[in-house]
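Each chain, letter by letter, is given below.
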Amino acid sequence: MCNNFTFFVTLEYCNKIFILTVVVISGGEIVVGFLQVALGGPLWGFVTAKITLFCLSRVFNDALVEITITLASTYLTFYIGKSRLLQLMITELSF
């Protein structure tokens, strides 16, 4: 996970620095972005895992519902983390 995480953060900021030359990035912005990815992704994954486990604990012996909840929650975790929570998708699915 460390290699993927390091690559993602490095790629994101190299893209902002070298390709989007209009944008000026300070060291503080890099630290804040790093903390968002390093702490926000696992926190989002943990919260959605707790919600998924709560939903699964309410279902007894219904395989179709259990599979649907598991797949839907995995997709929604990724989608919401990617589009709404500032691209935290690398670390959120590690839980």
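Residues numbered from 1 in each chain as written. Predicted model: local features only at pLDDT ≥ 70, side-chain atom pairs only at ≥ 80, totals over all residues. Heavy atoms only, no water.

Engineer: Mind showing me how you'd approach the overall build of the protein here?
Structural biologist: Looking only at helices and strands, the protein has four helices and zero strands in total. Taken from the N to the C terminus, the helices and strands of the protein come in the order α-α-α-α. When the 95 residues of the protein are sorted by exposure, 20% land in the buried category. The contacts of the protein with a sequence gap of at least 6 include a subset with a gap of at least 24, amounting to 54%. Total accessible area on the protein stands at roughly 6900 Å², and carbon and sulfur atoms take up 72% of it. (Helix = DSSP H or I, 4+ residues; strand = E, 2+ residues; numbered from the N terminus. Buried < 20%, exposed > 50% of the residue type's maximum accessible area, 1.4 Å probe, protein only. Contact = heavy atoms within 4.5 Å. Areas by Shrake-Rupley, 256 points an atom, 1.4 Å probe, with all protein chains shown as cover.)

Engineer: Quick question: what am I supposed to make of the packing of aromatic side chains here?
Structural biologist: The geometry of two aromatic rings is summed up by the distance between their centres and the angle between their planes. Within the structure shown, the criterion is met by one aromatic pair. Look at Tyr 75 and Tyr 79: their rings are 6.1 Å apart centre to centre, the planes differ by 15 degrees, and that puts the pair in the stacked class. Here Tyr 75 and its partner Tyr 79 are both found in helix α3 (residues 63–83), four residues apart, which amounts to about one turn of the helix. Assessed through its relative accessible area of 54%, Tyr 75 is described here as exposed. Classification of Tyr 79 as partly exposed rests on a relative accessible area of 40%. (Phe/Tyr/Trp six-rings, centres within 6.5 Å; stacked < 30°, edge-to-face > 60°.)

Engineer: Is there a simple way to think about the packing of helix α2 (residues 27–57) against α3 in this case?
Structural biologist: Each pair of packed helices can be described by the angle between their axes along with the distance between the axes. Viewed as axis vectors pointing N to C, α2 and α3 meet at an angle of 160 degrees, and their least axial separation amounts to 10 Å. Considered as vectors, α2 and α3 are oriented roughly antiparallel to each other. In this structure, the crossing between α2 and α3 has a hand that is right-handed. For the pair formed by α2 and α3, the contact residues are Trp 44, Thr 48, Thr 52, Cys 55 and Leu 56 on the first element and Glu 66, Ile 69, Thr 70, Ser 73, Thr 77, Ile 80 and Gly 81 on the second. (Axes fitted to C-alpha atoms, helices over the stretch in contact; angles between N-to-C directions. Parallel < 35°, antiparallel > 145°, perpendicular 65-115°, else oblique. Left-handed = near helix turned anticlockwise from the far one by under 90°.)

Engineer: Would you mind showing me how to read α2 here?
Structural biologist: What sets the pattern is the α-helix's 3.6 residues per turn: residues three or four places apart point alike. Given a rise of 1.5 Å per residue, 31 residues ought to cover 45 Å, and the 45 Å separating the end C-alpha atoms of α2 matches this to within 8%. Restricting attention to buried positions, one finds in α2 the residues Gly 33, Val 37, Gly 41, Pro 42, Gly 45, Thr 48 and Thr 52. (Expected span 1.5 Å × (residues − 1).)

Engineer: For this particular structure, what's the right way to read the confidence of the model for the protein?
Structural biologist: Close reading of the predicted structure is inappropriate where its pLDDT is low. For the protein, per-residue confidence averages 77 on the pLDDT scale, and 65% of positions sit at 70 or higher. Confidence scores differ between elements of the protein, with helix α4 (residues 89–92) showing the lowest mean pLDDT of 46 and α3 the highest of 89. pLDDT under 50 marks residues 88–95. Its contacts with residues more than four places away, or in other chains, come to 31 contacts. (pLDDT = per-residue confidence, 0-100.)

Engineer: Looking at this structure, how should I read a nonpolar patch on the surface?
Structural biologist: A surface patch of nonpolar side chains, about 370 Å² in accessible area, is lined by Val 31, Phe 34, Leu 35 and Leu 39. With respect to the helices and strands, the residue Leu 39 is situated in helix α2. (Patch = residues over 30% accessible without salt bridge, like charges linked within 9 Å, V, L, I, M, F, W, Y side chains within 5 Å. Salt bridge = Lys/Arg side-chain N within 4 Å of Asp/Glu carboxyl O.)

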